[in-house]
Amino acid sequence: MLYNPALVAIAGVIVWLFIRFTAPLEMRAELQWNTLGFIATCYISFFVGCIWARQASGRAVEIEKSGRNVWSGPLNLPLFWTSFVVGCISMAFRVYDRVGVRGISYLDDSSKIREALENTDFSGLSAVSSVIMPFCFMPFILLLACRWQAKYFLLGVIATLLFCLPMLESLAQASRSIMLLTLALGFTSISLLKFGGRVLDRRVFLPLLAGSAGLLLVSSSLFQSRLGDYGRDLQDSLSDSVYAQAFLPSRDALDGMSNRGTVEAKAYETILPNAMYYLSGLYEFELSFNRPDGQIFSYGSYILYPYSRVLALVFGTENIRGVNDGQIIYRTGVFTSFFGPMWVDFGWTTPFLMLLFGFYTERLSGLARQGYLNVLPFYLFCLVVILYMPVFNFLVSGFGFFIFHGFALFALFSSFSNSVIVEADNPALISLES
């Protein structure tokens, strides 16, 4: 399944619909037909792009039908340790920038940390750490992409710790988006590289269910902690927040939550905020798509905003102006699914871009089927973006922008290295040894 981007997109829609129709919520707003039509057109364009590319991927389809797992070569230790060192440097730079430069204390509550980040300037050190941060994920992926041996146990421990460091650092802000991204990237990496992309294999599916339950509990705890830092409680947020404008807890849910300390109350306290969080992106896009004052388009400058920030550091903040969120975003600070940023940047050309996105993602899938290591991290991240399209745009949210570009640069520059054949029956596999 994970070698088929179209199926991943369908799975993302099914998960969204399942939550929409099973969560104990009463709808206050509905998605209008023009909004649904735009979203459907984008998905159809994506599917057409996938089909278009798949027709030209004969060898990749042959490998897929054979069921052979191409990810069984030796571990590239030089690349592993290089990625590990660069990843550690990125986290050291990030922590020093926040503690040493911006004066943030990780012992403060999330509201103070967020306020401190908003009131301090984006520094060069922060830019460097963000650009190289994707290397934190590389050792874990490289280890999964090789034939497992017992001697790799210690490497697996340190690679897993480094993989989780960006997520753990973000928990100080009570950020949930980076946690979702990290866990989804970990799951897709394990499923694709060790189980051939079969997510319904019980060895994958059962741990996925357990992990999802744990994620719900952690996410709910983070959300309530953040509310407490701002002097609010959960019930207040469920009835008076940006999410509550689209839906409210059902009467049964409110009655269940009134029995404080019971299992039923705890279940509703876990399910409700996560369901509202997961569903709200498309309803926020509905407001943006049908905004009464008309949309001002930014022609790519919103998604590519970090470029302008880096240029501002180089040439001076007064010389290059960033995007004015207040002009192009209907309600700033609220995520609008994958389609919100695409709409404010590209408007009615978005379906055409979705066609290209589907085409090139399917081409990446073909290369991944054949064992090309240089494109593997980039393809894995694209799967995460596709899965969460009804929820977030991970090209904007969290570390997504930097992960996307970091993995893309890795794919580009590593393709120029001297490749060697690491397995006789897999002539396409690139080990990236120079």
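Residues numbered from 1 in each chain as written. Predicted model: local features only at pLDDT ≥ 70, side-chain atom pairs only at ≥ 80, totals over all residues. Heavy atoms only, no water.

(A) Just the overall build of the chain, in detail. A count of helical and extended segments in the chain gives 19 helices and two strands. Among the 434 residues that make up the chain, the fraction classed as buried is 53%. Look at the contacts in the chain between residues 6 or more apart in sequence, and 78% of them connect residues 24 or more apart. As presented, the chain carries roughly 20,100 Å² of accessible surface, and 64% of it is formed by carbon and sulfur atoms. (Helix = DSSP H or I, 4+ residues; strand = E, 2+ residues; numbered from the N terminus. Buried < 20%, exposed > 50% of the residue type's maximum accessible area, 1.4 Å probe, protein only. Contact = heavy atoms within 4.5 Å. Areas by Shrake-Rupley, 256 points an atom, 1.4 Å probe, with all protein chains shown as cover.)

(B) Seen up close, the nonpolar core. In this structure, F338, F339, L376 and M389 are the most contacted members of the largest nonpolar core, which totals 110 residues. Per-element accounting of this core gives the leading share, 11 residues, to helix α13 (residues 263-289). In contact with F339, other than residues within four places in its own chain, are I39, C42, Y43, L282, F285, M354 and M389. (Core = buried A, V, L, I, M, F, W, Y, C linked by side-chain atoms within 4.5 Å.)

(C) Unusual backbone geometry, seen in detail. The phi dihedral of S337 falls on the positive side, at around 65 degrees, and the residue is not glycine. Following the sequence through the fold, S337 ends up in the loop between α15 (325-328) and α16 (339-346). The exposure class assigned to S337 is buried, which follows from its relative accessible area of 1%.

(D) Focus on the environment of G186. In this fold, G186 is placed in helix α9 (residues 177-195). When the C-alpha positions of G186 and F137 are compared, they lie 8.8 Å apart, and in sequence the two are 49 residues distant. In this structure G186 touches F140 and F163, once residues within four positions along its chain are discounted.

(E) The environment of L168, seen in detail. Looking at the element boundaries, L168 is found in helix α8 (residues 153-170). Given a relative accessible area of 47%, L168 falls into the partly exposed group. Between the C-alpha atom of L168 and that of M179, which follows or precedes it by 11 residues, the distance is 8.2 Å.

(F) Molecular detail of the packing of aromatic side chains. The tally for this structure, following the rule as stated, stands at 35 aromatic pairs. Both rings, one in W52 and one in F359, keep their centres 4.3 Å apart while their planes meet at 40 degrees; by these two values the pair is tilted. Residue W52 is found in helix α2 (residues 33-55), and its partner F359 is found in helix α17 (residues 350-370); the two are separated by 307 residues along the sequence. Site record: aromatic cluster; members linked through ring pairs are F38, Y43, F46, F47, F285, F289, F297, F338, F339, W343, W348 and F357. Against the face of F21 rests R20, its NZ or CZ located 4.7 Å from the ring centre. (Phe/Tyr/Trp six-rings, centres within 6.5 Å; stacked < 30°, edge-to-face > 60°. Lys NZ or Arg CZ within 6 Å of the ring centre and 35° of its normal.)

(G) Seen up close, α17. Here α17 is 21 residues long and its end C-alpha atoms lie 30 Å apart, about the 30 Å a rise of 1.5 Å per residue gives. G371 occupies a position one or two residues after α17 and carries a positive phi of about 95 degrees. (Expected span 1.5 Å × (residues − 1).)

(H) Representation of the environment of V8 in the model. If you trace the backbone, V8 turns up in helix α1 (residues 5-22). For the pair V8 and L383, spaced 375 residues apart in sequence, the C-alpha separation works out to 7.0 Å. Setting aside residues up to four positions removed in sequence, V8 forms contacts with M1, L2, L383, I386 and L387.

(I) Molecular detail of the packing of α2 against α13. For the pair α2 and α13, interaxial distance at closest approach is 10 Å and the crossing angle is 110 degrees. If you check the angle between α2 and α13, you find them roughly perpendicular. Taking contact as the criterion, the partners of N34, T35, F38 and I39 in α2 are, on α13, L282, F285, E286 and F289. Classifying every residue of the contact of α2 with α13 by side-chain character gives five nonpolar, two polar and one charged. (Axes fitted to C-alpha atoms, helices over the stretch in contact; angles between N-to-C directions. Parallel < 35°, antiparallel > 145°, perpendicular 65-115°, else oblique. Nonpolar A, V, L, I, M, F, W, Y, C, P; charged D, E, K, R; others polar.)

(J) Geometry of the pattern of salt bridges. Under the counting rule described, the total for this entry stands at seven salt bridges. Residue E284 is joined to R331 by a salt bridge in which the shortest nitrogen-to-oxygen separation is 2.5 Å. Taken together, the residues E284 in helix α13 and R331 in the loop between α15 and α16 connect sequence positions 47 residues apart. The shortest N-O distance in the salt bridge between E362 and R369 comes to 3.4 Å. Exposure class is identical for E362 and R369. Each is buried. If you follow the salt bridges from partner to partner, you end up with R54, E362 and R369 in one network. (Salt bridge = Lys/Arg side-chain N within 4 Å of Asp/Glu carboxyl O.)

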